Amino acid sequence: MRILVTGGAGYIGSHTVRQLIAGGHEVVVYDSLELGHRQAVPADRLVVGDLRDIDHVDQLLVAHRIEAVVHFAAYAAVGESVAHPAKYYTNNLLYPLQLLDRCRRNGVQKFVFSSTAATYGVPEVVPITETTRQLPVNPYGATKLAFERALADYADAYPFGFCALRYFNAAGAAADGSIGEDHTPETHLIPIVIQAATGKRPHVEIFGTDYPTPDGTCVRDYVHVDDLAAAHILALDKLAPGMKLAYNVGIGRGYSVREVIRTAEDVTGLKVPVKEGPRRAGDPPSLVASADKLRAELGWAPQYDTLKAILETAWRWHKAHPNGYDG
Ligand code: UFG
C-alpha cells in the first residue's frame, strides 16, 4: 500500500514507520521535526513539512497516489492543552479536518488515527472497553474525540473507512535500541524514572499518593511501542470503505507509579530517588484498557506483556542514547 504517515518521525510514528517499511509498504513520512527526529526515520522517506501547509500535503497525496493515511501528528500533553487550548484545537482538530477533507477529495479511502484513552476522561469502571462513555476532561481528549466523530461522519457519507486506535500509555523502545522515546521537555513517567536513576535529574516526583488505588499512586496500562505500532499494521490490513473501527490499545493490566519505580530499580540495578508530591491536575486515578476487542477482531497479540519486559527495552535505548537522538 502507498501510505502517508503524518508525524512519522515521532515516538510512536517512527516505530510504526519501521514496521510498515519492513512489511513492504511504500511509506512517505510527513513531519515538521518540531517534536519528531530526523534520525528516527530513513532519510529517503522523510518529507519535512507542517500540516498547516495543506496544499503541500495535497501535493504529496497526488504525487504519491496515496491510498492510506496514518495520522500521528499532534500535540499530546494534557496539562499544556488545559493552558493552551487554542494550540490543541488548531493542531489536533483544525489541521486534521483539512487533511481529512483532502483525503476525501483525492480518493484516499483508509485512515488510521492516533486517538487516546484521554477521550474517556475519568471512567466510572475499569477496565475500559470501547463502549465506555467518552467524556474527556481536558482539551487534549476533547480534540481527539471530536476528530473521531468527524471520521465517523465521513465514513457514513463517503467511500471511506477509518480506525481510531485509543492508546493507553506507550512505553519502551525498539528491541535493538536504535529508536526510542526522546521528548523535550520530558513529561512521561518511564523516561523520567530512568533519568532519575542515572542522575540526570535529582529525583522523580510522585504526583499524588492519596489516590483510591492499592498503594495510593495512579495506575496506568503501559503498552510497548512496537506492540502499539503493530496494531496500526493490523488496522490497515483490515480497513475497507464504510468501516468505522475503534480499538483500545493497552495490555489490560495496570501498574502503579510506585510499581514502575520499583521495576525500574530492578531492571537498571540503580536506586531511583523519589520525592512524594501533590496530585497533578487532570490525572484520573486508574486507566486500564480492555483490549479484548483488538485481540479478537484483529488478532493483536502483544509481544511484551509485562512492565519489566517493556522497561528493559527503554533501558537499552537509554544506555545507547543517554542524551536522546542528539547526544
Ligand atoms: N507521573 C508521576 N511523576 C512524573 C510523571 C508522571 O508521578 O514525573 C505519574 C502521572 O501522574 C501518571 C503516571 O505517572 O499517573 C503516568 O504519567 P505520564 O505522564 O507518563 O502519562 P499519562 O498517563 O499522564 O498520559 C498518557 C499520555 C497522554 C494521554 C494519556 C491518556 O502521555 O498523551 O496517557 O490518558 F493523554
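Residues numbered from 1 in each chain as written. Predicted model: local features only at pLDDT ≥ 70, side-chain atom pairs only at ≥ 80, totals over all residues. Heavy atoms only, no water.

So the rule is basically this: UniProt positions are given in the numbering used here, feature names are shortened, and annotations may be inferred rather than shown by experiment.
Taking an unreviewed UniProt entry as the reference, the protein is identified by name as UDP-glucose 4-epimerase belonging to Frigoriglobus tundricola. The record held by UniProt for the protein lists under Catalytic activity (unreviewed entry) the comment "UDP-alpha-D-glucose = UDP-alpha-D-galactose". In UniProt, the protein has this text filed under Sequence similarities (unreviewed entry): "Belongs to the NAD(P)-dependent epimerase/dehydratase family."

Structural notes on the environment of Thr16
Note the following rule: Secondary structure elements are defined from DSSP: runs of H or I of at least 4 residues count as helices, runs of E of at least 2 residues count as strands, and each element is numbered from the N terminus. The buried label applies to any residue whose accessible area, calculated with a 1.4 Å probe on protein chains only, is under 20% of its type's maximum; exposed applies above 50%, and partly exposed to all values in between. We call two N or O atoms a polar contact when they sit within 3.5 Å, provided that within protein one can donate a hydrogen and the other can accept it, with sequence-adjacent residues counted only if both atoms are side-chain atoms.
With respect to the secondary-structure elements, Thr16 resides in helix H1 (residues 11-22). By relative accessible area, Thr16 is classed as buried at 0%. Within the structure, the side chain of Thr16 is placed 2.9 Å from the backbone oxygen of Ile12, a separation counted as a polar contact.

Digging into the sheet that holds strand E9 (residues 219-220)
Just so we agree on the cut-off: Any two strands between which DSSP finds at least two bridges are classified as paired.
Read from one edge of the open sheet, three strands run E12-E9-E14, paired in mixed fashion. At either margin of the open sheet sits one strand with a lone partner, and together these are strand E12 (255-256) and strand E14 (286-287). Sheet topology note: the E9/E14 ladder contains two bridges and is parallel. Bridged to Val219 within E14 is Ser286.

Section: the pattern of salt bridges
This is how it is decided: Definition used for salt bridges: Asp or Glu carboxyl oxygen within 4 Å of a side-chain nitrogen of Lys or Arg.
Here the structure, examined in full by the defined rule, presents 16 salt bridges. With a shortest N-O distance of 3.0 Å, Arg258 and Glu276 are connected by a salt bridge. Taken together, the positions of Arg258 in helix H8 (residues 257-268) and Glu276 in strand E13 (residues 274-277) put the pair 18 residues apart, joining distant regions of the chain. The exposure class assigned to Arg258 is partly exposed, which follows from its relative accessible area of 23%. A residue is classified by how much of its surface remains accessible, and Glu276, at 48% relative accessible area, is partly exposed. Linked by salt bridges that have partners in common, Asp55, Asp58 and Arg102 make up one network.

Here we look at the UniProt feature "domain: NAD-dependent epimerase/dehydratase" (unreviewed entry) in the protein
Taken from the UniProt record, the annotation "domain: NAD-dependent epimerase/dehydratase" (unreviewed entry) applies to residues 3-250. Helix and strand shares over residues 3-250 are 37% and 20% respectively, and the end C-alpha atoms of the span are 25 Å apart.

Points about the packing of H1 against helix H7 (residues 225-238)
Packed helices, taken two at a time, are described by the angle between their axes plus the distance between the axes. So the rule is basically this: For helices, the fitted axis covers only the stretch in contact; all axes are lines through C-alpha atoms, and the angles between them, taken along N-to-C directions, range from 0 to 180 degrees. Any angle between 65 and 115 degrees counts as roughly perpendicular, while under 35 counts as roughly parallel, over 145 as roughly antiparallel, and the rest as oblique. Throughout, a crossing is termed right-handed when the near helix is turned clockwise from the far one, and left-handed when it is turned anticlockwise from it by less than a right angle. Whether two residues touch is decided by their heavy atoms; if any such pair falls within 4.5 Å, the residues are in contact. Side-chain classes follow a simple rule in which Ala, Val, Leu, Ile, Met, Phe, Trp, Tyr, Cys and Pro form the nonpolar group, Asp, Glu, Lys and Arg form the charged group, and the remainder, Gly included, forms the polar group.
Orientation of H1 relative to H7, taken along the N-to-C sense of each, is 55°, at an axis distance of 8 Å. It follows from the interaxial angle that H1 and H7 lie oblique. Considering how the two elements wind past one another, H1 and H7 form a crossing that is right-handed. Contacts from Tyr11, Ile12, His15, Thr16, Gln19 and Leu20 in H1 reach Val225, Asp226, Leu228, Ala229, Ala230, His232, Ile233 and Leu236 in H7. Taken together, the residues that form the contact of H1 with H7 break down as nine nonpolar, four polar and one charged.

A look at the environment of Arg65
With respect to the helices and strands, the residue Arg65 is situated in the loop between helix H2 (54-63) and strand E4 (68-71). Given a relative accessible area of 55%, Arg65 falls into the exposed group. Here the alpha-carbon distance between Arg65 and Val108, two residues 43 residues apart in the chain, equals 8.6 Å. What Arg65 contacts, discounting residues up to four positions off in sequence, is Arg2 and Leu60.

Remarks on the packing of aromatic side chains
In this description, an aromatic ring pair is defined by two values, namely the gap between the centres and the angle between the planes. Inclusion rule: Note on aromatic pairs: the rings of Phe, Tyr and Trp (six-membered ring only in Trp) are paired at centre separations within 6.5 Å, and the planes decide the class, stacked below 30 degrees, edge-to-face beyond 60, tilted for the rest. Lysine NZ or arginine CZ positioned within 6 Å of the ring centre and within 35 degrees of the ring normal marks a charge as sitting over the ring.
Summed over all chains, the structure comprises eight aromatic pairs. Plain terms: the ring middles of Phe111 and Phe160 are 6.2 Å apart, the flat faces sit at 50° to each other, and that makes the pair tilted. Here the residue Phe111 occupies a position in strand E5 (residues 110-116), and Phe160 occupies one in the loop between helix H5 (139-157) and strand E6 (161-167), the gap between them amounting to 49 residues. On the accessibility criterion, Phe111 (0% relative accessible area) is buried. Aromatic pair Tyr154 and Phe160: ring centres 6.2 Å apart, planes at 70°, arrangement edge-to-face. No difference in accessibility class separates Tyr154 from Phe160, as the two residues are buried. An aromatic cluster is defined as three or more aromatic residues linked by ring pairs; in this entry it consists of Phe111, Phe113, Phe147, Tyr154, Tyr158 and Phe160. Note that Arg104 overlies the ring of Tyr158, its terminal NZ or CZ placed 5.0 Å from the centroid.

What about unusual backbone geometry?
Omega for the bond connecting Val126 with Pro127 falls within 30 degrees of zero, at 0°, which places this linkage in the cis form. Checked against the element boundaries, Pro127 lands in the loop between E5 and H5. Residue Thr184 is joined to Pro185 through a cis peptide bond whose omega torsion reads -5°. Phi angles above zero are rare outside glycine, and Leu33 is one such case at about 65°. Here Leu33 is to be found in the loop between strand E2 (26-31) and strand E3 (46-48). The backbone of Arg65 shows a phi angle near 45°, a positive value even though the residue is not glycine.

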